[in-house]
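Below, each chain spelled out in residue letters.
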Amino acid sequence: MHDQPLSGIRVLDFTTLLPGPLASLMLAEAGAEVIKVEPPGGEAMRGFPPKHGPASALYAMLNRGKTTLEIDLKAKDAIERIHALLPSVDIVIEQFRPGVMDRLGLGAEALRARHPRLIYCSITGFGQSGPRAPQAGHDINYLALSGLLALSHGPAEAAVLPPAQIADIGGGSFPAVMNILLALLRRERGGSGCHLDIAMTDAMFTFALFAQARLAVTGRAPDNGADLLTGASPRYRIYAAGDGAPIAVGALEQKFWEALCEVIGLPEPLRDDRKDPAATIRGVATCFAARSGADWADALHQADCCATPLASLAEAFADPHFRERGLFDFQVETGEGEIPAIPLPIAPRFRGAHRAASPIVKAMAPLDER
């Protein structure tokens, strides 16, 4: 097996559920040794459906390749047990509300005073400072409070939830990994460790780039569904074929728009979508309604105009393109057999074995030092 970039790096992971465990999973896939600290009996994700035998598939997917260490952090000997590991630990990741780790005696300041090379990453909803810092929240709250959800959620009576945990992953997991790697590089070049303050809500403003540009220039942010990429343009919408099959259109550039207009037979007066965008939207919708989704699929593919039918997740898993790229080659052992591992945005050359067990079927990490 090829050398992995994080081989020799040890991570002590105090996180639960999604943001932190996904971050430490990516570090583990790049070669780091991850020791996941869980309370006696394991973290809550172990009980989440769906189950693969007695095991949670979600827990297994998020924690493949890690080992666990069960510790009651409120027990008298907890701090001593953690400190026994710290001389060999490079990275600590925690996901408690601000102040919790300090009260346990495991805060960044206390640990880094004894281990200055330690990279300590805190992942929270609102960060370590500011009036909202102690406030509870979930993904939808972070999207709502950052203004991102207001840009496209549909009508109030039939509002649409985002189909992914954007803040958890895009605001928590990914920035955590990126900043941990930056901190490792800085330390490798002679710097010390540091405390990384990752706030999931902060990164949501990055996702609102187009709307922020409009706000900066006009002083007014786009209304719900009223911007170029949120439904106002005929060129970037979801239309229904005659059998109800959805078709995603992203024909923003003029050459793609012209190709789309040609293949669907949009009447010439409607092709200049600057004159009356609403009328053009209605015209495109009428054209798509004339044929079934299956009929459109081949025609749109041939036209190469950035218009594609919506694939179900099962259809996407079976797509030859994704199969050829090896996205689903990695497997996780749950104790009841193997299930596909989560595809991760890590280059295959940096990833490890194609098969790894989840902590459900691995022995507890020994409480020792490297």
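- The protein chain is annotated in an unreviewed UniProt entry as CoA transferase from Stappia taiwanensis.

1. Remarks on the sheet that holds strand 14 (residues 355-357)
Now for step 1: Here three strands make up an open sheet; going across it, the order is 13-12-14 and the pairing mixed. Across the chains shown, the open sheet's two edge strands, defined by having one partner strand only, are strand 13 (338-340) and strand 14. Going across the sheet, the axis of each strand differs from the next one's by a mean of 30°, ignoring polarity.

2. Here we look at the nonpolar core
Now for step 1: Within the largest apolar cluster, 43 residues are counted, with the highest numbers of intra-cluster contacts made by Val11, Leu27, Ile91, Ile93, Cys121 and Ile180.
Now for step 2: Contributing elements (two or more residues each) for this core: helix 1 (19-29), helix 2 (57-62), strand 6 (91-94), strand 7 (119-124), helix 6 (139-145), helix 7 (166-188) and strand 8 (194-199).
Now for step 3: Setting aside residues up to four positions removed in sequence, Val11 forms contacts with Leu27, Ala32, Glu33, Val34, Ile35, Ile91 and Ile93.

3. Some points on the pairing of strand 1 (residues 10-13)
Now for step 1: The alternating pattern of strand 1 places Arg10 and Leu12 on one face and Val11 and Asp13 on the opposite face, and all of these are buried.
Now for step 2: As paired strands, strand 1 and strand 2 (residues 33-38) are joined by four bridges and run parallel to one another. Paired with Arg10 across the bridge in strand 2 is Glu33.
Now for step 3: A crossover links strand 1 with its parallel partner strand 2, the connecting element being helix 1, and its sense is right-handed.
Now for step 4: Of the pairings in the sheet, the one linking strand 1 to strand 6 comprises three bridges and is parallel in character. When the sheet's bridge partners are listed, Leu12 is paired in strand 6 with Val92.

4. A word on the sheet that holds strand 10 (residues 246-250)
Now for step 1: Pairing is antiparallel across the open sheet formed by three strands, whose spatial order is 9-10-11. Because the sheet does not close on itself, it has two edges, and the strands there are strand 9 (236-240) and strand 11 (307-309). Strand-to-strand twist in this sheet, taken as the mean axis angle between neighbours without regard to direction, amounts to 20°.
Now for step 2: As paired strands, strand 9 and strand 10 are joined by five bridges and run antiparallel to one another.

5. Focus: the pattern of salt bridges
Pairing between side chains of opposite charge can happen when their charged atoms approach one another.
Now for step 1: By the definition in use, this model includes 15 salt bridges.
Now for step 2: As a salt-bridge pair, Asp223 and Arg220 come within 2.8 Å of each other at their nearest N and O atoms.
Now for step 3: A relative accessible area of 51% places Arg220 in the exposed class.
Now for step 4: With a shortest N-O distance of 3.0 Å, Asp272 and Arg274 are connected by a salt bridge.

6. Considering the domain arrangement of the protein chain
Now for step 1: On domain assignment, one finds that the protein chain holds domain 1 (10-205 + 327-363) and domain 2 (246-309).
Now for step 2: Taking the mean C-alpha position of each, domain 1 and domain 2 sit 42 Å from one another.

7. Points about the layout of surface pockets
Now for step 1: Quantified by volume, the largest pocket comes out at close to 1000 Å³.
Now for step 2: Contributing to the lining of the largest pocket are 26 residues, with Leu151, Ser152, Leu229, Thr230 and Tyr236 lying nearest its centre.
Now for step 3: Mapped onto the lining of the largest pocket, the elements with two or more residues apiece are helix 9 (209-218), strand 9 and strand 10.

How each quantity is defined
Residues numbered from 1 in each chain as written. Predicted model: local features only at pLDDT ≥ 70, side-chain atom pairs only at ≥ 80, totals over all residues. Heavy atoms only, no water. Pairing = 2+ DSSP bridges. Helix = DSSP H or I, 4+ residues; strand = E, 2+ residues; numbered from the N terminus. Axes fitted to C-alpha atoms, helices over the stretch in contact; angles between N-to-C directions. Core = buried A, V, L, I, M, F, W, Y, C linked by side-chain atoms within 4.5 Å. Buried < 20%, exposed > 50% of the residue type's maximum accessible area, 1.4 Å probe, protein only. Contact = heavy atoms within 4.5 Å. Right-handed = clockwise from strand over helix to strand, strands pointing away. Salt bridge = Lys/Arg side-chain N within 4 Å of Asp/Glu carboxyl O. Domains from an automatic or database assignment. 1 Å grid on protein atoms, 1.4 Å probe; cavity = no way out; pocket = protein on both sides within 12 Å on 5 of 7 lines; lining within 4 Å. Points joined across faces, edges and corners; volume = space filled by probe spheres on them.

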